[in-house]
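Each chain, written out:
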Amino acid sequence: MKFRPIGARWAITLLALVAVSVVAVVTASAKPGKTQAKFVLGVSNTLVGNGWREEMICSVKAQARASGKVSAVKVANRNGGPAEQSADLRTLISAGVNAIVVNPSSPSALNSVIAQAAARGVKVVSVDQRVTASQAYNATNDQVAYGRLGATWLFKQLHGKGNVVEMRGIAGVPADTDRHTGFTQALKKYPGIHVVKQTFTGWQFAPGGKQMLDILNSGVKVDGVWTSGIDYTVVNAFKTAGKKLVPIVGADNNQFLKQLMTVKGFHGAAVTNPATIGGVGAAIAIKLLSGQSVPKWVKLTPQVWDNATGFGKREIKANYSRSRPPTYSARLQVKPWTTYTKAQLFACKGP
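Residues numbered from 1 in each chain as written. Predicted model: local features only at pLDDT ≥ 70, side-chain atom pairs only at ≥ 80, totals over all residues. Heavy atoms only, no water.

(A) Spatial organisation of the overall build of the protein chain. Counting secondary structure elements, the protein chain contains 12 helices and 12 strands. Residue burial in the protein chain is summarised as follows: out of 351 residues, 50% are buried. Counted over contacts in the protein chain with a minimum sequence separation of 6, partners at least 24 positions apart contribute 71%. Counting every atom, the protein chain has about 16,300 Å² of accessible surface; 56% of that belongs to carbon and sulfur. (Helix = DSSP H or I, 4+ residues; strand = E, 2+ residues; numbered from the N terminus. Buried < 20%, exposed > 50% of the residue type's maximum accessible area, 1.4 Å probe, protein only. Contact = heavy atoms within 4.5 Å. Areas by Shrake-Rupley, 256 points an atom, 1.4 Å probe, with all protein chains shown as cover.)

The structure is reproduced here in structure tokens:
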């Protein structure tokens, strides 16, 4: 086969076409596209089998997915204390996460490992409960106010006199300590109130209900109950024991909201404590990784939903769902921080 030489004019035209093609390719590759997911988030939780904590983790995954900036969420999830959680945090750091959302088992025992994370450039956001590490960010409900507001409501219902049961969470963890501080602050103003029993429920619904049933069956006179969120099983315990219901303080858990709406003769109040604080923590972590500034402590102010007031009735009705599990925390969003959809939260799937 013979090749005929091309003329100078055709050679110039061909070179021009090649040049245009190269420029087109370079220009196309330089066009800005969708922000690529590049961050890896870690989650550390030390209370397994608790519906509130499960929803918390789901909200982290949902916010990570909604952001479009996270490629993976790695979860360290087991029952344990500071020693186990410190080990889990070190594992997450070694796994190459860029930030960790942690629900801490201690306010200060994790400080050394948090410092190690910071030294490696890993952002740490503590949710639900505060930590004292200077390198960490905190996103919590105001847990002192949670205890104080619920206790004040209860003591007022009793007109400042009577026997109450204080049902706490897990001894030594920040939220329990802070809530007890708030409870005690309210108690000082009502000298006629007597705490006849104090229990630690471990924030587990079945054990909390059993504790209440044992107290009622013991013959102790109970005029009111303050719970650290283990609530609907306490109501059930009164029914099982055949005792008249007394004013009970719980949290915005789905089944307790139903009881507040449907149980005749029951006067109670839910103090808000959204599990979706996990999503707030994820949003803070992503903003930090994106170079944005955020407050060192994002603190939510809890509300009291009393089933005898107009405001309380409206909020209880608006937040209750027939389809969600009994222990599901009612507030699905914490604006302006969370941006996921309901479907993303319920799916509980990360990126």
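(B) Structural detail: the packing of aromatic side chains. One pass over the full model with this rule turns up 6 aromatic pairs. Aromatic side chains tyrosine 328 and phenylalanine 346 sit 6.0 Å apart centroid to centroid with 70° between the ring planes, which places their arrangement in the edge-to-face category. Of this pair, tyrosine 328 sits in the loop between helix H11 (310-319) and helix H12 (342-347) while phenylalanine 346 sits in helix H12, placing them 18 residues apart in sequence. You can call phenylalanine 346 partly exposed: its relative accessible area is 41%. Grouping aromatic residues by their ring pairs yields a cluster made of Phe155, Phe183, Tyr190 and Trp226. One cation-aromatic arrangement involves arginine 179 over tyrosine 146; the distance from NZ or CZ to the ring centre is 3.9 Å. The ring of tryptophan 297 has lysine 299 lying over it, and the distance from NZ or CZ to the ring centre is 4.1 Å. (Phe/Tyr/Trp six-rings, centres within 6.5 Å; stacked < 30°, edge-to-face > 60°. Lys NZ or Arg CZ within 6 Å of the ring centre and 35° of its normal.)

(C) Here's a closer look at unusual backbone geometry. With an omega of 5°, the peptide bond between lysine 335 and proline 336 qualifies as cis. Position of proline 336 among the secondary structure elements: in the loop between H11 and H12. Notably, histidine 159 is not glycine yet its phi reads approximately 55°, a positive angle. In this structure, histidine 159 sits in the loop between helix H5 (143-157) and strand E6 (162-168). Even without being a glycine, cysteine 348 presents a positive backbone phi close to 55°. Owing to a relative accessible area of 22%, cysteine 348 belongs among the partly exposed residues under this scheme.

(D) Spatial organisation of the state of the cysteines. Inspection of the entire model under this criterion finds 1 disulfide. Bridging cysteine 58 to cysteine 348, the disulfide has an S-S length of 2.0 Å. As the torsion about the S-S bond is roughly -85°, the cysteine 58-cysteine 348 disulfide counts as left-handed. You can see cysteine 58 sitting in helix H2 (residues 51-67) and its partner cysteine 348 sitting in the segment after H12, a full 290 residues away along the chain. (Disulfide = S-S within 2.5 Å.)

(E) Spatial organisation of the pattern of salt bridges. Considering all chains together, one arrives at 5 salt bridges under this definition. For arginine 130, the salt bridge identified is with aspartate 178, shortest N-O distance 3.1 Å. You can see arginine 130 sitting in the loop between strand E4 (123-127) and strand E5 (137-141) and its partner aspartate 178 sitting in helix H6 (residues 174-187), a full 48 residues away along the chain. Residue classification places arginine 130 among the partly exposed positions, given a relative accessible area of 23%. According to the relative accessible area criterion, aspartate 178 is buried, its value standing at 13%. Here arginine 168 makes a salt bridge to aspartate 176, at a shortest N to O gap of 2.7 Å. (Salt bridge = Lys/Arg side-chain N within 4 Å of Asp/Glu carboxyl O.)

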